[in-house]
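Letter by letter, the chains look like this.
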Amino acid sequence: MSSDVRHPAKTRKVLSIGLSLDEPDGGSEPILSDLDPLIEAPVHAATVSKSLSTFGYLQAWKPGDGDPGEAIRLAVKSAETDLLVVHVVAHGRLAQTGGQGLHVVGSDGQDFDDPVSAWISLIESHPDKDRPLTLFILDLCHSGAAATLPWHQEMRVDDRRAWVIAACGRGDLAFDYRLSRAVATVLQGYTDGTLSVDASLSHIPLPAVAREIDRAVAELNAAADDFSQQIEGSRIPFFTDLDDLGFFPNPDHRRQPGSVLEHVDPGIASLLDEAFDPRHFMLRGAGTEPLGRKAAQGYFHGRDAEVRSLTAWFNGQGPGFRVVTGKPGVGKSALLGVLVCAAHPALRIDTQNLWWRLPVKPALNDKLVVVHARHRTMEHIADSLGRQLGAVESDRPNGGWDAQSLIGLAHATVGSSPTLVIDALDEAERPQDTAQALLMPLARHALSSAASLRLLLGTRSASGLVAPIELARSTGGLLDLDHAEPRDVERALRDYVSDLLAVDTPYAALEATDAAAALADGIAARLTGNDPGRPPADPLGWGEFLVAGLYLRHVLTKPVQADPETARRIGLAVPLDLHELLELDLAARADHRNLRAVLATLAHSEGKGMPERIVAHTMPTFMPPFEGPLPIDEVRDALDQARFYLRRDIDVDGTTLYRLFHEGLAERLRTAGCAPSTPEKS
């Protein structure tokens with residue numbers, strides 16, 4: 001695709017043409033015909049034109065300007081227009097002879113001289129000529145004939161400059177201006193915020209717009225008592241990315257300054273591999289999620305021995321297979337994240353603030369292959385490994401990638417052996433099957449004398465994944481973060497909390513210096529069982545750093561305590577139960593009645609998360625006796641209140657997806673339910 005469409009267009013034009021049937025002499029009465037006169041066609045054309053004007057489109061044709069067919073012909077050849085929308089609401093007729101192409105029926109009841117395919121050909125058959133990127137919206141009977149032209153379907157998607165949304169299939173009829181009405185409704189929805197895509201996207205992906213139009217047409221079908229219709233559109237290979245089609249600027253687009261993510265190429269996930277999920281590794285490596293901060297500054301602390309051990313492994317030393325394990329929230333992903341950021345060539349420069357103070361740094365590794373396995377199937381993980389190892393779609397075996405074919409792919413790699421890192425294996429779909437069928441053969445190969453790859457897995461210790469953990473243990477490759485020296489954890493935890501307090505909090509003030517140190521000391525001592533004034537606590541069931549961050553967020557909602565002794569007592573009061581900690585926060589925000597319901601809803605999200613539409617329909621389940629769906633503005637308010645607990649992702653169509661930021665928290669909420677905790681009666 002040419003580079004000019006990767007950026008906001010300079011000139012946007014629309015030809016929105018509605019053609020009623022009039023008498024041949026221009027009288028006001030419609031001609032006698034078996035065709036509906038389509039009296040309202042010009043009105044619907046004007047409505048769509050007005051909707052497009054909010055996206056920067058200028059109307060380039062109006063009734064009385066002359067032959068609309070010639071106007072379209074000239075528009076698609078214009079070198080002065082960057083983006084063009086051609087919307088036609090009229091009758092459509094298939095030619096009975098010749099190419100049997102689709103023709104627009106003019107106001108005189110006669111077919112236009114040129115079929116719609118001729119307009120598309122004027123764009124696509126002249127790649128050396130400057131032609132606008134064009135979207136045809138055809139509210140015509142039989143209009144699917146123009147959406148599925150065989151020769152057009154055979155073009156490389158990146159070379160296409162014409163796209164079609166059609167009211168119906170080639171052999172079908174269009175009714176009641178439904179496509180035009182749906183287009184106007186959807187565009188208005190994006191304008192007023194009823195519909196949205198992620199704010200990080202500068203443009204609304206065209207597939208997202210098409211799906212919303214399809215949904216709106218389906219609603220019009222349901223409201224009608226007569227015939228139904230199904231829209232048709234340009235068909236594309238399933239693996240094609242259409243983010244560069246900038247027809248519709250995103251009204252919600254905004255920059256997010258101060259985050260390292262802003263400086264990383266937004267296409268990194270698709271350029272490397274979608275399952276790589278660089279945001280997961282950057283955010284976990286930064287250690288900033290508990291306070292909802294950007295990833296501009298790293299707060300990773302401690303684990304010096306583990307960092308040294310894994311850095312040596314990343315650099316090619318030690319056994320070819322390793323496992324990093326431990327309890328939920330202990331910092332497995334943080335440890336792997338900071339090392340991946342340092343070693344991966346696409347992240348190393350822009351994330352150096354996250355890893356620069358590590359005691360040792362892994363070398364740049366252009367053979368690093370990384371997968372975030374959360375809610376991914378074995379097939380997804382294997383496909384991701386294959387693509388990152390350099391395979392293209394045509395290389396994929398008929399039955400999909402398996403361990404042996406991936407080993408062969410790694411063996412063909414020029415230079416050093418690839419390094420494979422798979423995090424959150426316990427959160428994959430059917431992790432036992434994935435481990436047994438795919439990863440154990442890879443692990444055994446990595447430990448063999450003929451190894452052509454190295455493999456590292458991250459998984460919770462209580463995941464039931466006994467085989468890989470025991471294999472790593474027996475071969476000297478197991479790193480269990482639960483067995484760290486408590487004093488080392490306490491020291492690192494104290495430094496972590498102190499650093500969080502030192503940036504943009506009341507405890508950063510000079511008069512609160514001693515209190516900040518005492519608060520950090522109290523939290524660290526209590527969570528590691530090193531408080532001399534209290535009996536040792538049972539081992540914490542959740543990661544100390546996760547609990548410390550969550551509690552610190554609660555503390556920062558309270559007035560600052562400048563007295564060191566008071567601050568230390570506050571630190572020593574940190575709950576040791578994750579659900580108790582959540583209740584502490586929710587109790588302080590009891591005025592936000594929907595907060596608990598949205599958290600309970602998102603605890604049941606799968607994959608990358610839930611879109612607003614599904615949240616709106618699911619939340620009432622946790623809000624008896626309310627019956628849904630919940631109004632979208634209330635959903636957004638609840639999501640905003642819960643933003644600290646959330647992670648955002650972006651679906652393939654640009655829709656924002658929401659899920660809880662930690663799987664351990666999601667599991668606790670699913671187990672405990674939505675109701676607030678109440679004291680037991682004596």
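Going by the structure above, here's the rest.
Residues numbered from 1 in each chain as written. Predicted model: local features only at pLDDT ≥ 70, side-chain atom pairs only at ≥ 80, totals over all residues. Heavy atoms only, no water.

Asker: Please clarify how the overall build of the chain should be interpreted in this entry.
Answerer: Along the backbone of the chain there are 25 helices and 15 strands. Looking at the chain residue by residue over its 682 residues, the buried ones come to 53%. By sequence separation, contacts in the chain at least 24 residues apart represent 74% of the contacts at least 6 residues apart. When the accessible surface of the chain is summed, it comes to about 30,500 Å², and 51% of that surface belongs to carbon and sulfur atoms. (Helix = DSSP H or I, 4+ residues; strand = E, 2+ residues; numbered from the N terminus. Buried < 20%, exposed > 50% of the residue type's maximum accessible area, 1.4 Å probe, protein only. Contact = heavy atoms within 4.5 Å. Areas by Shrake-Rupley, 256 points an atom, 1.4 Å probe, with all protein chains shown as cover.)

Asker: Explain the environment of A210 here, please?
Answerer: For A210, the location among the structural elements is in helix 7 (residues 206–223). For A210, a relative accessible area of 24% corresponds to the partly exposed category. Once the C-alpha coordinates of A210 and V186 are considered, the two residues, 24 residues apart in sequence, prove to be 9.2 Å apart. What A210 contacts, discounting residues up to four positions off in sequence, is I165 and I231.

Asker: Just checking my understanding: could you explain the side chain of E427 for this structure?
Answerer: Position of E427 among the secondary structure elements: in the loop between strand 11 (419–423) and helix 15 (431–446). Non-local contacts of E427, meaning those with residues more than four positions away in its chain, are made with A373, R374, H375 and E663.

Asker: Teacher, can you tell me more about the sheet that holds strand 10 (residues 368–372) here?
Answerer: Hydrogen bonds between backbone atoms are what pair the strands of a sheet, whose relative direction is either parallel or antiparallel. Ordered by their spatial adjacency, 5 strands build an open sheet running 10-11-12-9-13, and the pairing between neighbours is parallel. On the outer flanks of this sheet lie strand 10 and strand 13 (478–480), each paired with one strand and no other. Sheet twist, expressed as the average angle between the axes of neighbouring strands with direction ignored, equals 15°. (Pairing = 2+ DSSP bridges. Axes fitted to C-alpha atoms, helices over the stretch in contact; angles between N-to-C directions.)

Asker: Any chance you could explain the side chain of K327 here in plain terms?
Answerer: Structurally, the position occupied by K327 is in the loop between strand 9 (321–326) and helix 11 (332–343). Here the side chain of K327 touches E544 through a polar contact of 3.2 Å, side chain to side chain. (Polar contact = N/O pair within 3.5 Å; in protein donor to acceptor, adjacent residues only side chain to side chain.)

Asker: Please clarify how the sheet that holds strand 2 (residues 58–59) should be interpreted in this entry.
Answerer: Spatial strand order, 2-1-3-6-7-8: 6 strands in an open sheet with mixed pairing. The sheet is open, and its two borders are formed by strand 2 and strand 8 (232–233), each paired with just one other strand. Taken together, the 5 bridges between strand 6 (residues 133–139) and strand 7 (residues 162–166) define a ladder with parallel strand orientation. Residue F136 lies in a different strand from strand 7, and its bridge partner there is V164. Helix 2 (residues 68–76) contacts strand 1 (12–18), strand 3 (83–89) and strand 6 of the sheet and is inclined by roughly 160° relative to strand 1.

Asker: Which parts of the structure should I look at to understand the packing of aromatic side chains?
Answerer: One pair of aromatic rings is described through two measures. These are the centre distance and the angle between the planes. If you walk through the whole model with that rule in mind, you get 6 aromatic pairs. On the basis of an interplanar angle of 80° and a centroid distance of 5.8 Å, the ring pair of W313 and F314 is categorised as edge-to-face. As far as burial versus exposure is concerned, W313 and F314 are alike and both buried. Of the aromatic side chains, those joined through ring pairs into one cluster are F55, F247 and F248. When the ring centre of W356 is taken as origin, the NZ or CZ atom of K361, which lies over that ring, is 5.4 Å away. (Phe/Tyr/Trp six-rings, centres within 6.5 Å; stacked < 30°, edge-to-face > 60°. Lys NZ or Arg CZ within 6 Å of the ring centre and 35° of its normal.)

Asker: Can you help me understand the environment of N353 in this one?
Answerer: Note that N353 resides in helix 12 (residues 352–355). When the C-alpha positions of N353 and A342 are compared, they lie 9.8 Å apart, and in sequence the two are 11 residues distant.

Asker: How should I be thinking about the pattern of salt bridges in this particular structure?
Answerer: Oppositely charged side chains may form a pair once their charged atoms are brought near each other. According to the stated counting rule, one finds 21 salt bridges in the structure shown. With a closest N to O distance of 2.5 Å, E212 and R613 form a salt bridge. Pair noted here: E212 is in helix 7 and R613 is in helix 23 (residues 612–618), with a separation of 401 residues, a long-range link. Accessibility expressed as a relative area gives 33% for R613, which makes it partly exposed. The shortest N-O distance in the salt bridge between E470 and R473 comes to 3.3 Å. Of this pair, E470 and R473 both sit in helix 16 (residues 466–474), 3 residues apart, which is roughly one turn of the helix. The network of salt bridges with common partners includes R487, E490, R494, D521 and R568. (Salt bridge = Lys/Arg side-chain N within 4 Å of Asp/Glu carboxyl O.)

Asker: Please clarify how the pairing of strand 14 (residues 646–650) should be interpreted in this entry.
Answerer: Where a strand is regular, its side chains alternate between the two sheet faces. One ladder, built from 5 bridges, connects strand 14 with strand 15 (residues 656–660); its direction is antiparallel. Looking at the pairing, L646 lines up with L660 of strand 15. Hairpin connection of strand 14 to strand 15: 5 residues between the antiparallel strands, including G654 at a positive phi of 90°.

Asker: In this structure, what is going on with helix 20 (residues 564–572)? I would like to understand it.
Answerer: An α-helical segment advances 3.6 residues per turn. Residues three or four places apart therefore align on the same side. Among the residues of helix 20, A567, R568, G571 and L572 are the ones counted as buried. Projected onto a plane normal to the axis of helix 20, the buried residues spread over an arc of 140° and lie on a single side. Residues of helix 20 that are buried in the fold lie against helix 18 (513–527) and helix 19 (544–555). (Arc of directions from axis to C-beta.)

Asker: Quick question: what am I supposed to make of the environment of G56 here?
Answerer: When you line up the elements, G56 lands in the loop between helix 1 (41–53) and strand 2. In this structure G56 comes out as partly exposed when scored by relative accessible area, which is 41%. For G56 and F248, which are 192 residues apart along the polypeptide, the C-alpha to C-alpha distance reads 8.7 Å.

Asker: Where do I start with the nonpolar core in this structure?
Answerer: Nonpolar side chains tend toward joint burial in soluble globular proteins. Formed by 55 residues in total, the largest nonpolar core has its most connected members in V598, L599, L602 and L660. Non-local contacts of L660, meaning those with residues more than four positions away in its chain, are made with L599, L602, A603, Y645, L646, R647, L665, A666 and L669. Residues V85, A167, V183 and I213 belong to the second largest nonpolar core, which totals 38 residues. (Core = buried A, V, L, I, M, F, W, Y, C linked by side-chain atoms within 4.5 Å.)

Take it as geometry only, folks, not as evidence of what the structure does.
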